[in-house]
Amino acid sequence: LSGGTLSGTTTLSGFTAASVLFAGTSGVLSQSTGITWDDTLKRLQLYIASASLEMLLQARNDNAGSGIAAIGFNVASGAAGDTSVAKGGIGFERTGVQGTGRLALYNRTSTDTSNFTAADEKVSILPSGNVGIGVTLPQALLHVGSSSGKMVVGYLSTDATNYQRAAINTAAASVEFAAETLGTGADNINVLLTPAGTGIVTSAAMVKAPSYTVGTT
């Protein structure tokens, strides 16, 4: 077929059912063995039968510097005034030779009409295995950073007043370990470590237990 139009039902022989056809550089149609069409779900699918790790999809950015190859996620509502943009994604930034680099997760919190950018990075994984949350170049196996200096680990039950929180706060040149029940207005346990010569190490009263004070000798 050259310069024509296909209409209605056209059957092509010599091809596997559900395979996707591509036109090569010479214009000859060929079929893909890894990309197929799911006629029930009406979707393309990547397929291979293997017991090993197989790369079925590659996002490529040809850049000798520090380019980022990313895949975005767009969940649109279709409502009036709701712009269809990608607010989240996964990207890989080249930082070394032979394409080595770091993996990043992006999540844009702004309700504007823009896609996510490199500035919306929330999680970073270096080739060394270091993972950063809130920091792009983690300096430890797990490096958590925030503007407040606080890392919180919590458990939420069905009763909001029984929310248990353990916090590690490194702000204001001190280290604080706190365990509290939100809604009570007070810490169950609180330990504050201050720099040498500026104070003592203290522990507030424990709920339903004797109070303890740890001081310098």
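What you see is a predicted model, and the numbers here were worked out from it, not measured in a lab. (Residues numbered from 1 in each chain as written. Predicted model: local features only at pLDDT ≥ 70, side-chain atom pairs only at ≥ 80, totals over all residues. Heavy atoms only, no water.)

Observations regarding a nonpolar patch on the surface
In step 1: A contiguous nonpolar patch, built from L46, I48, L56, L57, I71, F73, I90, F92, L103, L105 and I125 and spanning about 920 Å² of accessible area, is present on the exposed surface.
In step 2: Listed by contribution, the elements that provide at least two residues to the nonpolar patch are β4 (68–73), β5 (88–94) and β6 (101–107).
In step 3: Position of I48 among the secondary structure elements: in the loop between β3 (43–46) and β4.
In step 4: With a relative accessible area of 44%, I48 lands in the partly exposed category. (Patch = residues over 30% accessible without salt bridge, like charges linked within 9 Å, V, L, I, M, F, W, Y side chains within 5 Å. Areas by Shrake-Rupley, 256 points an atom, 1.4 Å probe, with all protein chains shown as cover. Salt bridge = Lys/Arg side-chain N within 4 Å of Asp/Glu carboxyl O. Helix = DSSP H or I, 4+ residues; strand = E, 2+ residues; numbered from the N terminus. Buried < 20%, exposed > 50% of the residue type's maximum accessible area, 1.4 Å probe, protein only.)

Digging into the environment of D82
In step 1: Locating D82 in the fold gives a position in the loop between β4 and β5.
In step 2: For the pair formed by D82 and D112, sequence separation is 30 residues and the distance between their alpha carbons is 9.6 Å.

Describing the sheet that holds strand β7 (residues 121–125)
In step 1: If you trace the 6 strands from one edge of the open sheet to the other, you get β4-β5-β6-β7-β8-β9, paired in mixed fashion. Bordering the open sheet on either side are β4 and β9 (142–144), each of which pairs with just one other strand. Mean inter-strand twist for the sheet, computed between neighbouring axes without regard to direction, equals 15°.
In step 2: Across 6 bridges, β4 lies against β5 in antiparallel orientation. (Pairing = 2+ DSSP bridges. Axes fitted to C-alpha atoms, helices over the stretch in contact; angles between N-to-C directions.)

Structural notes on the pattern of salt bridges
In step 1: The full count for this structure, using the stated rule, is 7 salt bridges.
In step 2: One salt bridge connects E121 with R102, and the closest N-O pair in it is separated by 2.6 Å. Linking E121 in strand β7 with R102 in strand β6, this pair joins segments that are 19 residues apart in sequence.
In step 3: Several salt bridges share partner residues, and in doing so they unite K87, R108, D112 and D120 into one network.

A word on the confidence of the model for the chain
In step 1: With 62% of its residues at a pLDDT of at least 70, the chain reaches an overall mean of 76.
In step 2: Scored below 50 in pLDDT, residues 199–217 makes 29 contacts in the model with residues more than four places away or belonging to other chains. (pLDDT = per-residue confidence, 0-100. Contact = heavy atoms within 4.5 Å.)

A word on the layout of surface pockets
In step 1: Put simply, the largest pocket is a space of about 470 Å³.
In step 2: If you go around the largest pocket, you meet 19 residues; those closest to its centre are Q58, A59, R60, A69 and F92. (1 Å grid on protein atoms, 1.4 Å probe; cavity = no way out; pocket = protein on both sides within 12 Å on 5 of 7 lines; lining within 4 Å. Points joined across faces, edges and corners; volume = space filled by probe spheres on them.)

Considerations on the sheet that holds strand β1 (residues 19–23)
In step 1: In spatial order, the strands read β1-β2-β3; together these 3 strands make up an open sheet with antiparallel pairing. Of all strands in the sheet, those bounded by a partner on one side alone are β1 and β3. Looking at each pair of strands side by side, their axes are set apart by 55° on average, direction ignored.
In step 2: Sheet analysis places strand β2 (residues 29–38) next to β3, joined by 4 bridges and oriented antiparallel.

Remarks on the environment of G65
In step 1: Mapping G65 onto the fold places it in the loop between β3 and β4.
In step 2: It is 9.6 Å that separates the C-alpha atoms of G65 and G99, two residues lying 34 residues apart in sequence.

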